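Analysis of the macromolecular model
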Amino acid sequence: MSLRQNGSNRARSLQTLNGEARTEVVVQTRCLHKWNDTMVRLPHSLKEVKVTQPVFNLTGGYNIESSILTMCVQNLCQQVLILRTIYLYYDRTKCIKLFDGIIRMVPGLEYEGDQKIYRAAASTGTGEYTVVCLAEISPTKIRLRETSSIHILKPRIPRGDPLVPKKTSFFPSDDVKEVYRNHLLANNHYSRPAKLWFEKFERYRTQGLLPKNYVEYLRMLDQIEEIDDETELARYTVPKARLDQSDFPTRYWLSVTQFSVPPVRLSVGDHVKALNFALDKRGITTVDTVRGIIWECSTSMTIETERALDIGRRVRLEFPLNRVPFLLEYQALNRISCIDTSNVLFPQAGNTANETLTEPIEQFTWFDRRIGTNKLQQCAIRNIVNRTAYPAPYIIFGPPGTGKTCTIVEAVLQIYKTRPKSRILVTATSNYACNELTKRLLKYVPVADIFRYFSAAKERDINQIDADALYISNLHTGKFEFPCMNDFLQTRILVATVITSGRLLSLGVCTNIYDYIFIDECGSSKELSALVPIGCVGVDQKARRMHASVVLAGDPQQLGPVTHCQLLRDTVHNESLLDRLMRLPFYGRNGQHAYNTKVVTKLLDNYRSHPALFQFSNEQFYEGELRAKAPPASTHWAIGWDRLPNPEFPMMFHSVTGNMIQDQFTLSYMNKEEAFLVLQYAQLLMSGSVGGKILSQSDIGILTPYSRQVAYIKNGLVLLGLEDIEVGSAEQYQGREKAVMIVSTVRSQRSTVGFLADPRRLNVTMTRAKALMIIIGNEDNLSHDATWKKLLSFIISNKGLLSKQRQFNFPYKKSKDKKTQRAQVQKFI
């Protein structure tokens, strides 16, 4: 059994304490991240106040055999604390007193104590437990109460020993690097191998992607991308890093001013290699290499290492390339090279086998009752189960809110039920989508029949993963471990990201056991990434054929793959498999302007939004075919809100002329004037009701295209105690929804709209809200783009524009707390 804490640090490895094996996980107090879980009771006052600074660091370990819980409390504040009591609450009302006494804790002091946990408390299975620490600030009479939520995970019966993956290696050749250094341009001084490589590359680039050059051309493009990524990351090396110690022993702050070039490609989770230089007794320089990851990246960078660094000595920081995705993509191409790609990846009418497993199944009992009223979803599921497109992929074309995920889940469940000998691989581009699919499947599938395979990198996010998904995964012990063979052989449904699914080959799993492969969010990944599950799992290399039936789900009208390499922007490498296939006549409309439902289904019923909120996207991107099917109770409650310029139109554009400020090192932009309005609207929505509905922070989403604006708004929300309002970009919100969306466009006083000019980014932005959409931006600037100009015309025609001449004041309650919050925000701005 293991413990974990919501919103805190990642699980630690097994350690031996007093001769006993313990699974130790950090369960730090949530105030270190949330800033609002420490309550202070002032003398002569019954009112409690939240503290916005770290107070305690709380860690714990649990020994299953002896049922002993070890808690360690560290004083992180600068005052002397008198620790009084520690309680563990379970079953809502029951509690155990872990500590009762008086301990004087100077700053930095740690207290550790053991307590035997009663069987009743430890046997309640997976669930949330609460640790409450009561203390006083000495020498005052101010009392503190800090709460920390932890989970005790129910132990899973081991299925076997973890597999050991086989290592593979493949490196781009020197001739490819030579051509890359010349920016893929002709050069009379190329070596002969480089000249031959370049001539072949130019020929393929002119031809485009064809069955005869498919494998080799994609491999060439991937090699260029790998070299470009490695070259760019090498530029971010910091030879003499000045690191500051954080509140955690293995986390350090690195100011971005120490980079010689803006680290625009570094992001959370990227690898770090720290080289600690020192002199031994003989005066010889020694190097201690410590691995780590980027834990947080905004105005400064937080780095977490496997063990502590000696920051008093010289530290060199390098950011090595994670080559695993490239290796798996090369591996997939090698396996695909043995099949006839013309039938699978370049299908034409008449050259598909239309093979079914047995007799076609026509009668279904639906797990989701809503499917029974949607003919298009029924048609797609029936044809997927019966493999009507095989060996070509079946495509679910799912515009926003049309139930694409519901269709995938129902299709998987019907295969699980009607094809009892079949196994299914369910993949997606993002872990968020995989977790959502797992969560929905667990409503109907026994835990013994489904396995969620996480990569090692997800251990750092273990506290944000649903406990039910953790229980059926390779993170069930609280730390990463490789799966065992029976995790695949004894389950019928495997869920993993497209890249992680390629690990099955290196683990020695017989991939022919999987008869169906689902790839969700296929439109947001490059073609080669989508080939990883198809090539590594779907291809029978001995029979030289596709073994599995492939289902691709996505929307070609939403955001596609992101290619950082400028040299590849105008190549097929910047395109998804879904986009390319949808342009083929095989998947196109026929003479009656209808799709062939044997190979593709376009879903048309929108179950997400108020009709006015998807009307623009419907007309602009989907030929006006979408139909409103969402229940009015969930989409119409914002109608009549007194802040809407048109109370009957649940969308508004708040016009403001702000100033764009570019961050010197991330090169991203922020707009303070727009950020201030975003914070005001967030306060306004939380201070009262909207159409009689009381909103929670989770109901509100904030979308802005620039990472610097994301970080700036997040900091403002923390000051207001609204840190649970989610802020992200269009990429982070794709496939998701919120009841209310606030959009900050950032662009102002420029002659262009930058990457906002991508119509697909606008489509994603405009289709996330269920009931209310608030857009903040500079209408004059945005009008420079044709699609944005059409959107503004649509809003103006519906009287939804709040122009610069019609601004209104945001009311604040007269309470002292609200005035303090307003002062904090103004100081922040």
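Numbers given for residues are sequential positions, taken from 1 along each chain in its written order. Side-chain atom pairs in this predicted model are given and counted only at pLDDT of 80 or more, local residue features only at pLDDT of at least 70, and totals for whole chains, interfaces and linings cover all residues. Hydrogens and water molecules were not included; the side-chain quantities draw on all heavy atoms of the structure.

Thoughts on the packing of aromatic side chains
Only Phe, Tyr and Trp rings are paired, with Trp represented by its six-membered ring, and only when their centres lie within 6.5 Å; those with planes under 30 degrees apart are stacked, over 60 edge-to-face, the remainder tilted. Overall, the coordinates contain 22 aromatic pairs when judged by the stated rule. When the ring of F201 is compared with that of Y217, the centres are 6.1 Å apart and the planes differ by 65°; the resulting orientation is edge-to-face. Taken together, the positions of F201 in helix α4 (residues 192-207) and Y217 in helix α5 (residues 214-234) put the pair 16 residues apart, joining distant regions of the chain. Grouping aromatic residues by their ring pairs yields a cluster made of W197, F201, Y204 and Y217. Geometrically, a charge over a ring is one whose NZ (Lys) or CZ (Arg) sits within 6 Å of the ring centre while staying within 35 degrees of the ring normal. Cation over ring: R251 sits above F248, and NZ or CZ is 4.4 Å from the ring centre. By definition, any uninterrupted DSSP run of H or I lasting at least four residues is a helix, any uninterrupted run of E lasting at least two residues is a strand, and each is numbered from the N terminus.

Structural notes on the sheet that holds strand β39 (residues 801-802)
Reading across the sheet, the 6 strands line up as β36-β35-β37-β38-β30-β39 and stay open at both edges, with parallel pairing between neighbours. At either end of the open sheet lies a strand with only one pairing partner, and these are β36 (726-728) and β39. Two strands are counted as paired when DSSP detects at least two bridges linking them. Relative to β39, strand β30 (residues 651-655) is paired through 2 bridges, and the arrangement is parallel. Along β39, the bridge assignment pairs F653 with L801. In this analysis, two residues are considered to be in contact whenever any of their non-hydrogen atoms come within 4.5 Å of each other. An axis is simply a line fitted to the C-alpha atoms; with a helix, the fit covers only the stretch in contact. Between two such axes, the angle follows the N-to-C directions and lies from 0 to 180 degrees. Helix α19 (residues 707-719) contacts β35 (700-703), β36 and β37 (738-744) of the sheet and is inclined by roughly 165° relative to β36.

Here's the deal with α19
Any helix carries an expected span of 1.5 Å times its number of residues minus one. Relative to the 18 Å expected for 13 residues at 1.5 Å per residue, α19 spans 19 Å between its end C-alpha atoms, a close match to the ideal helical length. Partly exposed describes any residue whose relative accessible area lies between the buried limit of under 20% and the exposed limit of over 50%, with all areas from a 1.4 Å probe on protein chains only and scaled to the type maximum. Taken as a whole, α19 has its buried residues at R708, Q709, V710, A711, Y712, I713, G716 and L717. G721 lies just past α19 and shows a positive phi near 75°.

What to know about the side chain of T745
Relative to the assigned elements, T745 resides in the loop between β37 and α21 (759-766). What T745 contacts, discounting residues up to four positions off in sequence, is E674, P705, Y706, L756, I775, I776, G777, N778, L782 and W788.

A look at the confidence of the model for the protein
Per residue, pLDDT measures the predictor's confidence, with a range of 0 to 100. For the protein, the average pLDDT comes to 85, and 86% of its residues sit at 70 or higher. Across residues 811-816 the pLDDT falls below 50, and counting only partners more than four positions away or on other chains, this stretch makes 9 contacts in the model. Contacts from residues 825-829, a stretch scored under 50 in pLDDT, to residues over four places away or in other chains number 12 contacts.

A short note on the sheet that holds strand β16 (residues 285-297)
As a general point, the strands of a sheet are linked pairwise by backbone hydrogen bonds and lie either parallel or antiparallel. Spatially, the 6 strands line up as an open sheet ordered β13-β14-β17-β16-β15-β18, and their pairing is antiparallel. Looking at the sheet topology across the chains shown, the edges are occupied by β13 (243-245) and β18 (315-318). Taking each pair of neighbouring strands and ignoring which way they run, the sheet shows an average axis angle of 35°. The sheet contact formed by strand β15 (residues 271-279) and β16 spans 9 bridges and is antiparallel. Residue pairing for β16: F277 is matched across the bridge by V287.

Some details on helix α9 (residues 404-418)
One turn of an α-helix holds 3.6 residues; hence residues three or four places apart share an orientation. The terminal C-alpha atoms of α9, which comprises 15 residues, lie 21 Å apart, in line with the 21 Å expected from a rise of 1.5 Å per residue. Most of α9 is tucked away, with 13 of its 15 residues classed as buried.

Overview of the pairing of strand β17 (residues 300-305)
Within β17, 5 of the 6 residues are buried, leaving the element largely enclosed by the surrounding structure. As paired strands, strand β14 (residues 251-255) and β17 are joined by 5 bridges and run antiparallel to one another. Bridging across to β17, S255 finds its partner in S300. Note that β16 and β17 share 5 bridges and pair antiparallel. Residue pairing across strands places G292 opposite T305, the latter belonging to β17. Here β16 folds back onto β17 in antiparallel fashion, the turn holding 2 residues.

Observations regarding the pairing of strand β7 (residues 68-75)
Note on strand geometry: in a regular strand, side chains alternate between the two faces of the sheet. With respect to burial, β7 is a largely interior element, 7 of its 8 residues being buried. Examined bridge by bridge, β7 and strand β10 (residues 110-116) share 7 bridges and lie antiparallel to one another. Looking at β10, one finds that V73 is bridged to Y111.

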